[in-house]
Amino acid sequence: MNADTTVSSPAAIPRVGFPRGLTILVPTLNEEDAIGGVIGSLPVQDLHAMGIDTHVLVVDGHSADRTRDIAARSGAEVVVQPGKGKGDGIRHGLRHASGDLVLAIDADGSYPSEAIPVLVRRLADGCDVVVGTRIRGGMEPGAMPPMNYIGNRFLSLLATALFGVRITDLCSGMWGLGPRAVALIRLESNGFDIEPEVIAESCRLKLRVEEVPIAYRVRKGATKLGNPLRAGVGDALRLVTVRFRRARSS
């Protein structure tokens with residue numbers, strides 16, 4: 001996995017040489033504090049200048065607050081996932097995505113929407129999977145609790161050992177898929193192990209995966225992760241499951 005050290009400004013990104021459609025996929029669950037700002041900050045005009053038509057799709061996990069109403073008023077298409085869990089929402093969103101590029105971003109305001117054109121440019125240039133790495137970027141104080149940081153680092157090292165591809169931020173909630181990845185990747189996760197599965201499955205399929213350093217901010221609203229230790233065990237089991245899936249198919 002290649003990793004850059006800088007993120008260019010959108011103005012520095014040239015227009016792509018051919019038209020592409022992009023779905024920005026935003027999974028939500030009770031994100032009324034942040035969702036309006038997240039959608040409003042999406043660089044749709046910058047993407048249009050690059051020659052990319054953009055579809056903003058919010059996949060809601062049965063929110064009990066005003067998330068869906070705010071998202072719809074902000075201009076996004078809103079669908080409700082059939083089941084529960086972030087993974088279920090991501091998988092449902094991929095089925096509703098249009099165009100040949102998909103970029104996922106969390107709805108809590110912690111990820112930098114201004115970096116989206118940089119990630120999309122990588123996909124348009126032929127990268128299959130691009131991941132925004134918070135570890136190599138800059139994090140606001142308190143943005144990632146110490147236990148989450150330690151767990152993420154351990155899981156990233158485990159993924160690197162299992163798949164032989166250097167990974168620095170296995171649990172990033174900002175990542176994108178190019179046409180080959182959209183066509184080939186098949187996901188099973190229902191919960192927060194969806195990001196580890198996306199990266200592990202990409203490595204299993206020997207897709208071209210790159211990282212781009214991004215900033216990371218303090219989230220708005222309460223976290224949905226729950227017990228980080230339990231989540232970490234689930235992520236590790238997912239990695240092992242995909243790794244042995246690779247062994248059986250080789």
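S.K.: Please set out a nonpolar patch on the surface residue by residue, giving values where relevant.
M.R.: Side chains of Met139, Tyr149 and Ile150 sit close together on the surface and give an oily, nonpolar patch of about 270 Å² of accessible area. Note on Tyr149: relative accessible area 33%, which makes it partly exposed.

S.K.: Give me the confidence of the model for the chain: which residues, what numbers.
M.R.: Regions with low pLDDT should not have their predicted coordinates read in detail. On average, residues of the chain score 89 in pLDDT, and 88% of them are at 70 or above. Note that pLDDT drops below 50 for residues 2–13; the model gives that stretch 24 contacts with residues more than four away or on any other chain.

S.K.: Explain the pairing of strand S2 (residues 20–28) to me, and be specific about the residues and the numbers.
M.R.: The buried count for S2 comes to nine of nine residues, which makes it a mostly enclosed element. Burial along S2 is two-sided: Arg20, Leu22, Ile24, Val26 and Thr28 and Gly21, Thr23, Leu25 and Pro27, pointing in opposite directions, are all buried. Sheet topology places S2 next to strand S3 (residues 52–60); nine bridges connect them, and they run parallel. Directly across from Pro27, in S3, lies its bridge partner Val59. Here S2 pairs with strand S5 (residues 101–105) via four bridges, running parallel. Bridge assignment links Leu22 to a residue of S5, and that residue is Leu101.

S.K.: Explain the packing of aromatic side chains to me, using residue names and the numbers behind them.
M.R.: Following the criterion strictly, the structure yields one aromatic pair and no others. Its guanidinium or amino end placed over the ring of Tyr216, Arg134 lies 4.7 Å from that ring's centre, counting from NZ or CZ.

S.K.: An account of the environment of Gly85 is needed here, citing residue identities and associated values.
M.R.: Following the sequence through the fold, Gly85 ends up in the loop between strand S4 (77–80) and helix H4 (86–96). Under the relative-accessibility criterion, Gly85 is labelled partly exposed at 34%. Expressed as a C-alpha distance, the spacing of Gly85 and Asp60, which sit 25 residues apart in the sequence, is 9.9 Å.

S.K.: Talk me through the side chain of Asp60; I want residue IDs and the actual numbers.
M.R.: In this fold, Asp60 is placed in strand S3. Side-chain polar atoms of Asp60 contact the backbone nitrogen of His62, separated by 3.1 Å.

S.K.: If you had to explain helix H8 (residues 194–204) to someone new, which residues and values would you point to?
M.R.: Turn by turn, an α-helix covers 3.6 residues, leaving residues three or four places apart pointing in a common direction. Burial within H8 is extensive, with eleven of its eleven residues counted as buried. Within H8, burial applies to Ile194, Glu195, Pro196, Glu197, Val198, Ile199, Ala200, Glu201, Ser202, Cys203 and Arg204. At the C-terminal side of H8, Lys206 shows a positive phi close to 60°.

S.K.: I'd like a description of the pattern of salt bridges, backed by residues and values.
M.R.: Enumeration according to the criterion identifies 16 salt bridges in this entry. One salt bridge in this structure joins Glu188 and Arg238, with 3.7 Å as the shortest N-O distance. Here Arg238 lies in helix H9 (residues 228–249) and Glu188 lies in the loop between helix H7 (179–184) and H8, a separation of 50 residues in the sequence. Its salt-bridge partner being Asp193, residue Arg238 comes within 3.0 Å of it at the nearest N-O pair.

S.K.: Could you give an account of the pairing of S5, with specific residues and numbers?
M.R.: Most of S5 is tucked away: five of the five residues are buried. Examined bridge by bridge, S5 and strand S7 (residues 174–177) share four bridges and lie antiparallel to one another. Bridge pairing in S7 links Leu103 to Gly176.

S.K.: Tell me what's going on with unusual backbone geometry, and back it up with residues and numbers.
M.R.: In this model, Asn30 sits at a positive phi of 55°, which is unusual for a non-glycine residue. Topologically, Asn30 is positioned in the loop between S2 and helix H1 (35–41). A positive phi angle, close to 65°, is found at His62, a residue other than glycine. Note that His62 resides in the loop between S3 and helix H3 (67–73).

S.K.: Pulling in residues and values, what's your account of the environment of Val58?
M.R.: Mapped onto the secondary structure, Val58 falls in strand S3. Contacts of Val58, omitting those with residues within four sequence positions, involve Val26, Thr28, Ile35, Ile39, Ala71, Ala76, Glu77, Val78 and Val79.

S.K.: Lay out the nonpolar core with the relevant residues and their values.
M.R.: By size, the foremost hydrophobic cluster in this structure holds 33 residues, and its most contacted members are Ile116 and Val120. Of all elements in the fold, only S2, H1, S3, H3, S5 and helix H5 (116–124) reach the threshold of two or more residues within this core. A per-element tally of this core places H5 first, with five residues. Sequence-distant contacts of Ile116, defined by excluding residues within four places in its chain, comprise Ile24, Leu42, Pro43, Leu47, Leu103, Ile105 and Met174. By size, the runner-up hydrophobic cluster in this structure holds 30 residues, among which are Ile90, Val102, Leu187 and Ala236.

Conventions adopted
Residues numbered from 1 in each chain as written. Predicted model: local features only at pLDDT ≥ 70, side-chain atom pairs only at ≥ 80, totals over all residues. Heavy atoms only, no water. Patch = residues over 30% accessible without salt bridge, like charges linked within 9 Å, V, L, I, M, F, W, Y side chains within 5 Å. Areas by Shrake-Rupley, 256 points an atom, 1.4 Å probe, with all protein chains shown as cover. Salt bridge = Lys/Arg side-chain N within 4 Å of Asp/Glu carboxyl O. Buried < 20%, exposed > 50% of the residue type's maximum accessible area, 1.4 Å probe, protein only. pLDDT = per-residue confidence, 0-100. Contact = heavy atoms within 4.5 Å. Helix = DSSP H or I, 4+ residues; strand = E, 2+ residues; numbered from the N terminus. Pairing = 2+ DSSP bridges. Phe/Tyr/Trp six-rings, centres within 6.5 Å; stacked < 30°, edge-to-face > 60°. Lys NZ or Arg CZ within 6 Å of the ring centre and 35° of its normal. Polar contact = N/O pair within 3.5 Å; in protein donor to acceptor, adjacent residues only side chain to side chain. Core = buried A, V, L, I, M, F, W, Y, C linked by side-chain atoms within 4.5 Å.

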